[in-house]
Amino acid sequence: MFRGCKKKNGSRVVFCILATNPIIWFTMYKDKILNLLRLSRSGFLSGEELAKKIGISRTMVWKHIKSLEFEGFVIEAVPSRGYQISSEPDILRKSDLVRGLKTKIIGRKIQLLSQVVSTNTLAMEMASKGMPEGMVVIAETQTGGKGRLNRKWISPKGNLYLSVILRPNIPIHKAPLITLMGAVAVASAIRTVCNVQAAIKWPNDIHLRGKKVSGLLTEMSAEQDRIRHIVLGIGINVNMEINVLQVGIREIATTLAVEAGHNIDRTIFLHQLFQGIEHWYQEFLSNAAGVLTEWERLNVTIGNRVMVSSLGEMLEGLAQGIDSEGRLIIKQEDGSMRHISAGDVTLKS
Ligand code: BTN
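Given the structure is predicted, the values throughout are model-derived calculations rather than measurements. (Residues numbered from 1 in each chain as written. Predicted model: local features only at pLDDT ≥ 70, side-chain atom pairs only at ≥ 80, totals over all residues. Heavy atoms only, no water.)

## Quick look at the pairing of strand E2 (residues 82-87)
Pairing between strand E1 (residues 74-78) and E2: 5 bridges, direction antiparallel. Counted as the bridge partner of Ile 75 is Ile 85 from E2. Connecting the antiparallel pair E1 and E2 is a turn made up of 3 residues, with Ser 80 showing a positive phi of about 70 degrees. (Pairing = 2+ DSSP bridges. Helix = DSSP H or I, 4+ residues; strand = E, 2+ residues; numbered from the N terminus.)

As structure tokens, then:
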């Protein structure tokens, strides 16, 4: 009935799309039913009440209930009483992510996928097509997740895999600091949501009780003297079964659920993380030194004797600090100083 709409201005276009796209209507009604059922957790809601509140038929209510069950919700249906949610699946829903979002930039635009090769690769493509700063690509699983130093990032269900598009107006040599900024945001979100002592191991691993729980991978597109865009990729082990990781990795990795002692609500975690990224990104743009101070407060590398494997070379010495570009400063046995920009660190004491 709205087919005759003219696509003259932005709001009219949106209205036309909403009016003629049955999938969007279906999802909207399903979300409304879900919200009403969540609100009445303590009691049942009848098909008739739901139908009346939303303005659809009881048959349509039933179809939406079936669709929610298909997603993994367990819904109790009792004749003459109605429906009640018994349990929710551990899946991310875009409507939940959008609701409760307190940020102005980060996560204002979200692409949520059940599977992708790599959120970083997709976000890089989207950024080069002009997608805005703050857009986040999230996937439930990755088939070709990328780690640092050309490693793979195994990406089973239950965790978080996301990439944030940033367009900072900074000199190219300052770009590595974005990863440090991201590590501060991730460690802070873990501390707040899970109440555990997340720590940063240089350059961008997040550790809990000495085991890796998260890693960051930053990719950049730049001209000679100007950054076009940066993609901040973040992988966090949240609720996965640790046994899905191969032997050799599972011993040195952990999950937020294991450390907190219970499963973590990934939507609540993402809201906190988006707020943290927004806060620390703004801080970084106005005063990078503030981010470095916070990174130092949260890190477990500085002050330790370390062994560093960097670009095929093995170094040993005391980790003395990081410089203004985020490089690790090592004091070697002979007293000489080295500034390391990439590598793997093993803490020796
Ligand atoms: C590391 O090696 O520690 C970095 C791992 C980064 C993994 C994340 S998961 C989301 C994003 N997409 C990718 O392909 N990699 C990053």
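The structure having been displayed, the exposition proceeds.
## Here we look at helix H10 (residues 288-298)
Each turn of an α-helix holds 3.6 residues, which means side chains three or four residues apart point in the same direction. Regarding H10, the residues found buried are Gly 290, Val 291, Leu 292, Glu 294, Trp 295 and Leu 298. Packed against the buried residues of H10 are helix H7 (176-194), strand E6 (199-201), helix H9 (266-286) and strand E11 (313-322). (Buried < 20%, exposed > 50% of the residue type's maximum accessible area, 1.4 Å probe, protein only. Contact = heavy atoms within 4.5 Å.)

## Some remarks on the site of the ligand
Ser 118, Gln 142, Lys 146, Arg 148 and Lys 212 are the nearest of the 20 residues found near the ligand. Between an oxygen atom of the ligand and a main-chain N or O atom of Arg 148, the distance comes to 2.7 Å. Notes on the ligand: free accessible area 420 Å², of which the protein chains cover 98%. Of the residues forming the shell around the ligand, the biggest block, 4 residues, is contributed by strand E8 (residues 211-222). (Near = heavy atom within 4 Å. Polar contact = N/O pair within 3.5 Å; in protein donor to acceptor, adjacent residues only side chain to side chain. Areas by Shrake-Rupley, 256 points an atom, 1.4 Å probe, with all protein chains shown as cover.)

## Thoughts on the sheet that holds strand E5 (residues 160-166)
Working definition: the strands of a sheet are paired by backbone hydrogen bonds and lie parallel or antiparallel to each other. The sheet built from 7 strands is open, its strands ordered E3-E4-E5-E9-E8-E7-E6 with mixed pairing. Taken across any chain shown, the strands that pair with only one partner, and hence form the sheet edges, are strand E3 (110-116) and E6. For this sheet, the mean angle separating the axes of adjacent strands, direction not counted, is 20 degrees. Note: strand E7 (residues 205-208) against E8, 4 bridges, orientation antiparallel. Counted as the bridge partner of Leu 208 is Lys 211 from E8. (Axes fitted to C-alpha atoms, helices over the stretch in contact; angles between N-to-C directions.)

## Overview of the pattern of salt bridges
What the rule picks out here adds up to 21 salt bridges. The residue Glu 223 makes a salt bridge to Arg 226 at a minimum N-O spacing of 2.9 Å. Look at Glu 223 and you get partly exposed, because its relative accessible area is 36%. Exposure remark for Arg 226: the relative accessible area of 41% places this residue in the partly exposed category. Within the structure, one salt-bridge network assembled from shared partners comprises Lys 30, Asp 31, Glu 71 and Arg 93. (Salt bridge = Lys/Arg side-chain N within 4 Å of Asp/Glu carboxyl O.)

## Re the environment of Ile 252
Mapped onto the fold, Ile 252 is located in the loop between strand E9 (227-236) and helix H8 (256-260). For Ile 252, a relative accessible area of 55% puts it in the exposed group. Spatially, the C-alpha atom of Ile 252 lies 27 Å from that of His 339, the residues being 87 residues apart in sequence. The residues touching Ile 252, leaving out its near neighbours within four places in the chain, are Lys 211 and Lys 212.

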